[in-house]
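Single-letter residue listing:
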Amino acid sequence: DGGITQSPKYLFRKEGQNVTLSCEQNLNHDAMYWYRQDPGQGLRLIYYSQIVNDFQKGDIAEGYSVSREKKESFPLTVTSAQKNPTAFYLCASTKGASNTGELFFGEGSRLTVL
Amino acid sequence: GEDVEQSLFLSVREGDSSVINCTYTDSSSTYLYWYKQEPGAGLQLLTYIFSNMDMKQDQRLTVLLNKKDKHLSLRIADTQTGDSAIYFCAEIYTGKLIFGQGTTLQVKP
């Protein structure tokens, strides 16, 4: 079955460490997105990529980095510069390069900083 | 900037109708969306409505759009315990999908 796979589902990190969250899709979708979800705040866009080897900052990109070396993969690195990284992270994709609003989401990764 | 607002919590009894409300600020939105998030999971697209429509019905779901007031609502008929989830409304703004804060629907047996 086609879909988006995020790993790990749960991750614990010590302060000062970088961590990388994986996102893989086999839907042959062009665009991929990373969102951060905090209770009562909805989803906020971190980064997005509409094509391989290109990506754009979203609304809260500071302290995060991404790469898009392959169409199927869009990993997110949470760096030590991110001041409050504890959150639920969601990866999504859309079929075309432009956002039609019909996003397919992964199951999410919950990051906790100890 | 663009803003999408929702109330945070709604509690209903099983079998009742649920109405989840949303307001938005960008009147040029072409489509408006409703997503559902079950506990600990990602979001799933539930339904959407084109901006030239007033209403869209899909089985137990009815979406109402009042463009004049920039108000969107999602009605769930005969609400079941399996409908317990967070519901997000969303719209496209400058090519990006903007989400509301999400409404947690609690269904009591």
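The preceding data block contains the structure.
Residues numbered from 1 in each chain as written. Chains lettered and ligands numbered in written order. Predicted model: local features only at pLDDT ≥ 70, side-chain atom pairs only at ≥ 80, totals over all residues. Heavy atoms only, no water.

*Asks:* Run through the packing of aromatic side chains, naming residues and quoting values.
*Replies:* In total, this model carries 14 aromatic pairs over all chains according to the counting rule given. Where Tyr35 of chain A meets Phe105 of chain A, the ring centres are 6.0 Å apart and the plane angle is 40 degrees; that geometry is what we call tilted. With Tyr35 of chain A in strand S4 (residues 31-37) and Phe105 of chain A in strand S10 (residues 104-105), this pair connects stretches of sequence that are 70 residues apart. The exposure class of Phe105 of chain A is buried, given its relative accessible area of 11%. Look at Phe105 of chain A and Tyr35 of chain B: their rings are 5.9 Å apart centre to centre, the planes differ by 85 degrees, and that puts the pair in the edge-to-face class. (Phe/Tyr/Trp six-rings, centres within 6.5 Å; stacked < 30°, edge-to-face > 60°. Helix = DSSP H or I, 4+ residues; strand = E, 2+ residues; numbered from the N terminus. Buried < 20%, exposed > 50% of the residue type's maximum accessible area, 1.4 Å probe, protein only.)

*Asks:* Let's hear about the environment of Lys71 of chain A: which residues, and what values?
*Replies:* Residue and element names in this part refer to chain A. Here Lys71 shows up in the loop between strand S7 (64-66) and strand S8 (76-78). Sequence spacing of Lys71 and Ala31 is 40 residues, and the spatial spacing of their C-alpha atoms is 8.4 Å. Leaving out residues up to four positions away in the same chain, Lys71 has contacts with Gln25, Asn28, His29, Asp30, Met32 and Val52. A polar contact is formed between the side chain of Lys71 and the side chain of Asp30, at a distance of 3.3 Å. (Contact = heavy atoms within 4.5 Å. Polar contact = N/O pair within 3.5 Å; in protein donor to acceptor, adjacent residues only side chain to side chain.)

*Asks:* Which residues make up the nonpolar core, and what values go with them?
*Replies:* Residues and elements named next belong to chain B. Core analysis: the largest hydrophobic core is formed by 20 residues, its most contacted members being Trp34, Leu72, Leu74 and Tyr87. Put simply, the parts of the chain that give this core at least two residues each are strand S3 (18-24), strand S4 (31-37), strand S7 (61-66), strand S8 (71-76), strand S9 (85-93) and strand S11 (103-108). Sequence-distant contacts of Leu74, defined by excluding residues within four places in its chain, comprise Ser18, Val19, Ile20, Trp34, Leu46, Thr47, Leu61, Thr62, Val63 and Tyr87. (Core = buried A, V, L, I, M, F, W, Y, C linked by side-chain atoms within 4.5 Å.)

*Asks:* Quick one: what's the story with the pairing of S11 of chain B, residue by residue and with numbers?
*Replies:* All names here are of chain B. Taking every second residue as pointing to the same face, the buried face of S11 carries Thr103, Leu105 and Val107, while none of Thr104, Gln106 and Lys108 on the other face is buried. Direction of pairing for S9 relative to S11: antiparallel, over a ladder of 3 bridges. What sits directly across from Ile86, in S11, is Thr104. (Pairing = 2+ DSSP bridges.)

*Asks:* Mind laying out the interface of chain B and chain A, listing which residues take part and the relevant values?
*Replies:* The partner chain A presents 20 residues to the 18 residues of chain B that form the contact. Of the roughly 1,500 Å² buried between chain B and chain A, counting both surfaces, carbon and sulfur atoms make up 55%. When the buried area of chain B at its contact with chain A is split by residue, Leu43, Lys96 and Phe99 of chain B rank highest and sum to 30% of it. Here chain B is connected to chain A by 1 salt bridge. As a salt-bridge pair, Asp59 of chain A and Lys96 of chain B come within 3.6 Å of each other at their nearest N and O atoms. For the pair chain B and chain A, the interface holds 4 residue pairs in polar contact (both at pLDDT 80 or more). Listing elements by their share of the side of chain B that touches chain A, those giving two or more residues are S4, strand S5 (43-50), S9 and strand S10 (96-99) of chain B. Class assignment of the residues belonging to the side of chain B that touches chain A gives a composition of 11 nonpolar, 6 polar and 1 charged. (Buried area = accessible area lost by both parts, 1.4 Å probe. Salt bridge = Lys/Arg side-chain N within 4 Å of Asp/Glu carboxyl O. Nonpolar A, V, L, I, M, F, W, Y, C, P; charged D, E, K, R; others polar.)

*Asks:* Provide a residue-level description of unusual backbone geometry, including the pertinent values.
*Replies:* Cis rather than trans, the peptide bond between Ser7 of chain A and Pro8 of chain A has omega equal to -10 degrees. Positionally, Pro8 of chain A belongs in the loop between strand S1 (4-7) and strand S2 (10-13). Residues other than glycine seldom take positive phi values, yet Gln59 of chain B does so here, at roughly 55 degrees. Phi at Asp78 of chain B takes a positive value of approximately 50 degrees, unusual for a residue other than glycine. Counting through the fold element by element, Asp78 of chain B comes out in the loop between S8 and S9.

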